[in-house]
Amino acid sequence: MKQIKAICLVLFLCGILSATAQNNYRSHTVKNGETVSSIASDYEITSEAIYKLNPRARNGVLPDAILILPGETASTNYKEQVVDFKQHRVRRKETLSSIAKKYDITVDDIKRYNKRLYAEQLKKGDRIMVPLGLKKIEITNTTATDSNSGANTNNTSETITNKAANKIHIVLPKETKYGIARKYNITIAQLQELNPNMGEPLQIGIELMVPDTEVVAATTIEDEQYEFYEVKPKEGFFRLKVKFGVTQEEVILLNPYASEGLKDGMILKLPKASSSQNAATSAKVIDLTYQITNLEPKNVVVMLPFSLPKVRRNSMEANRDIIINSRTLAIALDFYSGVLMATEFAKDRGISVNLDVLDTEGKESKVTQLIGSKNFREVDAVIGPLFQKNVSRASRELNRYDTPVFSPLSNQDAGNGSNYFQTIPSKTLLENRMIDYLVRNKEDHNIVIITDAKHAKQKARLIKEFPNAKVLNPNEGNFLYVVDIEKNTDELLQNWVILASDNPILVSNVIGLLNGVPEEKQVRLFTLDKNDAFDFEDVQNVKLGRLQLTYPSVSKSYDYKEPSAFVTSYKNKYGVLPNRFAVRGFDVTYDVLLRLAMGDSMYEAIEIDGETEYEENKFYYVRSGGSYNNNAAYIMKYTENLLLEVIE
């Protein structure tokens, strides 16, 4: 019986080979140790070409098995399609092979788009272009005989490699490529790979090639409360919660196949965010301690004006006087104390830091000298220098290495390059944030505008935003009279007085007059910039508290009565509570270290959906004019018990 089966099998194979010989095919007997991949390489064809003619070979091949292969007269060429590119920064110990494996491409693919790598060695810190979604489109030229004329014709067919069994899907009304991709649990890129001529938008009735297995019954979203969303690389349920306000359980309820985890390119059905939610998206706080994935040591340089040569030349007593009398040195030391605390907190999170502290001596020329004498190719981030001209110099010098440079204390718009990060929001942003708050809450309020001559631009902006406001113009001596306030305040509506001035005389005068307004008139004071004039000796905090002074601020104040882990640790280490410069040093540095620990580079870590917030400062970097600006700020209010309250 076995002999009969063997004879039948041989005859069957012979029949196939005889029939296929006329169509330019050939056979191959598998040898010990051979695989489909090695056979394809030997015959200079693709594995997919073998699988097409030998479907069972997908499960492996055994010695002595006979495979049908394309004939010698069939020539197979390929053309490549690249969906996108990603800039990859080479990390320590990475090689071309490990990078190729990470992105599921070959070393040759990387070299093809980075020509210098044919002659140069890969170095840590290099930035290379990595092709993503690389596809090979098989172009097979075969010679066929026209059955009618007997003439030879050249037929070219394109087949996109696809290991799954396919079927035809006819596009229905209201269907989109996102809905169809979701239905068959494939990505948009995979759908386009199967259908390279798929138009946009999809035409009703056209035929698309799709996998033979459906995972979702519905492909249209009739309910306007939902939308399709394509999962981004490294995106998890936490980020979806930040973006859309939905929990993991809610995502899985709408998309059952997501129970096995999210994948890059996966199509999800999610609730649409309302306009109010969209407005608040940037205000959502992201805790980066839950997104730490990169635990490689971080190389950070801190550049501060210690002026050590001057200090070392003097006696201990003289050095003590220098520290006490030099405001710059005191600020640098306080900031540095916060930096050290941030590295300790990072260490507790498993993040090791190689911290290199450089003394700029407060000189621009010294900054250039320091950068020229050190290899910054492997530096992940530079914090400092403190002075604007010096940090601008550092940014320009290090731009060739693409090294991120963080300006810790200046809010000046220096117009620096693509590696410059301004950590303090600009005055313009603070003004816009305050005006935006006033515009959103102006209904049923009597708006009064008071400005000095120096703030004509702000005055024009306020009048445009509040056309029905009452405008008071101070006299030449920069003061108003009681009658000016009495005539322009309302007894029925709450009076919102907007004061734009840095003149201490006018500021003191207005605050005094407003504090004298009868209690039946409700008055609240706002300013676009709480400058030094509001700290003038004639301006008492009690008066500011009565008026509930509201203003935009770079930072808030920590509650020393309920100290955080940082405040407690700082006091235990240094014996005093941290001042604002020490807190600033901690917040800026800790944010930098956590961002470096959540991605391959700082530039990748910047693209998060929300703000990060620490002791007194928060950060939301947005690229503007080539550099990165921190667009996160607070709206603060004095309370009657002289506390500062965060409004927004």
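Here, every reference points to the structure presented above.
Keep in mind it's a predicted model, so treat the numbers as computed, not measured.

*Asks:* Mind showing me how you'd approach the overall build of the protein here?
*Replies:* Summing up its helical and strand segments, the protein has 23 helices and 27 strands in all. In the protein, buried positions account for 43% of the 648 residues. Counted over contacts in the protein with a minimum sequence separation of 6, partners at least 24 positions apart contribute 67%. Accessible surface, the protein: about 34,400 Å² in total, of which carbon and sulfur atoms supply 49%.

*Asks:* What is the right way to look at the packing of helix α16 (residues 427–440) against helix α17 (residues 456–465) in this model?
*Replies:* Any two packed helices are characterised by the angle at which their axes cross and by the distance between the axes. Where α16 contacts α17, the axes come no closer than 11 Å and their chain directions differ by 25°. Judged by the inter-axis angle, α16 sits roughly parallel to α17. As α16 packs across α17, the resulting crossing turns out to be right-handed. Contact residues: α16 offers Glu431, Asn432, Ile435 and Val439, while α17 offers Gln458, Arg461, Leu462 and Glu465. Split into classes, the residues belonging to the contact of α16 with α17 amount to three nonpolar, two polar and three charged.

*Asks:* Any chance you could explain the sheet that holds strand β16 (residues 420–422) here in plain terms?
*Replies:* Whenever strands of a sheet pair, they do so through backbone hydrogen bonds, lying parallel or antiparallel. Read across the sheet, seven strands follow the order β13-β12-β14-β15-β16-β25-β24 without closing on themselves; strand pairing throughout is mixed. Pairing within the sheet leaves two strands with one partner each, and these edge strands are β13 (353–359) and β24 (621–624). Mean inter-strand twist for the sheet, computed between neighbouring axes without regard to direction, equals 25°. As paired elements, strand β12 (residues 298–304) and β13 share seven bridges and run parallel to each other. From the neighbouring strand, Val301 faces β13, where its bridge partner is Asp356.

*Asks:* What's the story with a nonpolar patch on the surface in this structure? I'm lost.
*Replies:* Residues Ile168, Ile170 and Met209 make up a contiguous nonpolar surface patch of roughly 250 Å² in combined accessible area. Mapping Ile170 onto the fold places it in strand β8 (residues 166–170). The class for Ile170 is partly exposed, based on a relative accessible area of 46%.

*Asks:* Explanation requested: unusual backbone geometry in the structure shown.
*Replies:* A negative phi angle characterises most non-glycine residues, just as the trans form characterises most peptide bonds. Between Gly384 and the following residue, Pro385, the backbone shows a cis peptide bond with an omega angle of 0°. For Glu361, which is not a glycine, the phi torsion comes out positive at approximately 60°. Looking at where Glu361 falls in the secondary structure, it is placed in the loop between β13 and α14 (364–372). One non-glycine residue, Asn478, adopts positive backbone phi at about 60°.

*Asks:* Teacher, can you tell me more about the environment of Ile50 here?
*Replies:* Considering the arrangement of structural elements, one finds Ile50 in helix α3 (residues 47–53). Looking at Ile50, the relative accessible area reads 0%, which means it is buried. Residues Ile50 and Ala40 lie ten residues apart in sequence; the distance between their C-alpha atoms is 7.3 Å. Leave out the neighbours within four places in its chain, and Ile50 touches Val36, Ile39, Ala40, Ile45, Leu67 and Leu69.

*Asks:* What should I look at first to understand the packing of aromatic side chains in this one?
*Replies:* Each aromatic ring pair is specified by the distance between its two centres and by the angle formed by the two planes. For the coordinates displayed, the defined rule picks out 19 aromatic pairs. Each ring, one from Phe406 and one from Tyr621, has its centre 6.1 Å from the other, and the planes form 75°; the classification is edge-to-face. Of this pair, Phe406 sits in strand β15 (residues 405–407) while Tyr621 sits in strand β24, and the two are 215 residues apart along the sequence. Assigned by exposure class, Phe406 and Tyr621 land together as buried. Both rings, one in Phe421 and one in Tyr603, keep their centres 6.0 Å apart while their planes meet at 45°; by these two values the pair is tilted. Here the residue Phe421 occupies a position in strand β16, and Tyr603 occupies one in helix α23 (residues 602–605), the gap between them amounting to 182 residues. As far as burial versus exposure is concerned, Phe421 and Tyr603 are alike and both buried. Between Lys530 and the ring centre of Tyr551, over which it is positioned, the NZ or CZ distance is 5.7 Å. Taking the ring centre of Tyr634 as reference, the NZ or CZ of Lys618 above it sits at 4.4 Å.

*Asks:* Before we go on, may I ask you to explain the pattern of salt bridges in this structure?
*Replies:* Pairing between side chains becomes possible if they bear opposite charge and their charged atoms approach one another. In this structure the tally under the stated criterion is 21 salt bridges. The partner of Glu648 in a salt bridge is Arg440, with the nearest N and O atoms 3.0 Å apart. Within this pair, whereas Glu648 is found in the segment after β27 (644–646), its partner Arg440 is found in helix α16, the two being separated by 208 residues in sequence. Glu648 gets classed as partly exposed once you look at its relative accessible area, which sits at 33%. Between Glu645 and Lys637 there is a salt bridge whose closest N-O contact spans 3.9 Å. On the accessibility criterion, Glu645 (35% relative accessible area) is partly exposed. A residue is classified by how much of its surface remains accessible, and Lys637, at 13% relative accessible area, is buried.

*Asks:* Looking at this structure, how should I read the side chain of Arg595?
*Replies:* For Arg595, the location among the structural elements is in helix α22 (residues 580–596). Here Arg595 falls in the buried class, since its relative accessible area comes to 1%. At 2.7 Å, the side chain of Arg595 forms a polar contact with the side chain of Asp591. When near neighbours in sequence (up to four residues on either side) are disregarded, Arg595 contacts Leu288, Met602, Ala605, Ile606, Ile608, Thr612, Phe619 and Tyr621.

*Asks:* Even after reading the chapter, I still don't get α16, so can you show me in this structure?
*Replies:* Each full turn of the α-helix corresponds to 3.6 residues, which orients residues three or four apart in the same direction. Look at α16: 20 Å from first C-alpha to last across 14 residues, which is about the 20 Å you get at 1.5 Å a residue. On its buried face, α16 sits against α17, β19 (494–500), β20 (523–527), β21 (550–553), β25 (627–630) and β26 (634–638).

Rules behind the numbers
Residues numbered from 1 in each chain as written. Predicted model: local features only at pLDDT ≥ 70, side-chain atom pairs only at ≥ 80, totals over all residues. Heavy atoms only, no water. Helix = DSSP H or I, 4+ residues; strand = E, 2+ residues; numbered from the N terminus. Buried < 20%, exposed > 50% of the residue type's maximum accessible area, 1.4 Å probe, protein only. Contact = heavy atoms within 4.5 Å. Areas by Shrake-Rupley, 256 points an atom, 1.4 Å probe, with all protein chains shown as cover. Axes fitted to C-alpha atoms, helices over the stretch in contact; angles between N-to-C directions. Parallel < 35°, antiparallel > 145°, perpendicular 65-115°, else oblique. Left-handed = near helix turned anticlockwise from the far one by under 90°. Nonpolar A, V, L, I, M, F, W, Y, C, P; charged D, E, K, R; others polar. Pairing = 2+ DSSP bridges. Patch = residues over 30% accessible without salt bridge, like charges linked within 9 Å, V, L, I, M, F, W, Y side chains within 5 Å. Salt bridge = Lys/Arg side-chain N within 4 Å of Asp/Glu carboxyl O. Phe/Tyr/Trp six-rings, centres within 6.5 Å; stacked < 30°, edge-to-face > 60°. Lys NZ or Arg CZ within 6 Å of the ring centre and 35° of its normal. Polar contact = N/O pair within 3.5 Å; in protein donor to acceptor, adjacent residues only side chain to side chain. Expected span 1.5 Å × (residues − 1).

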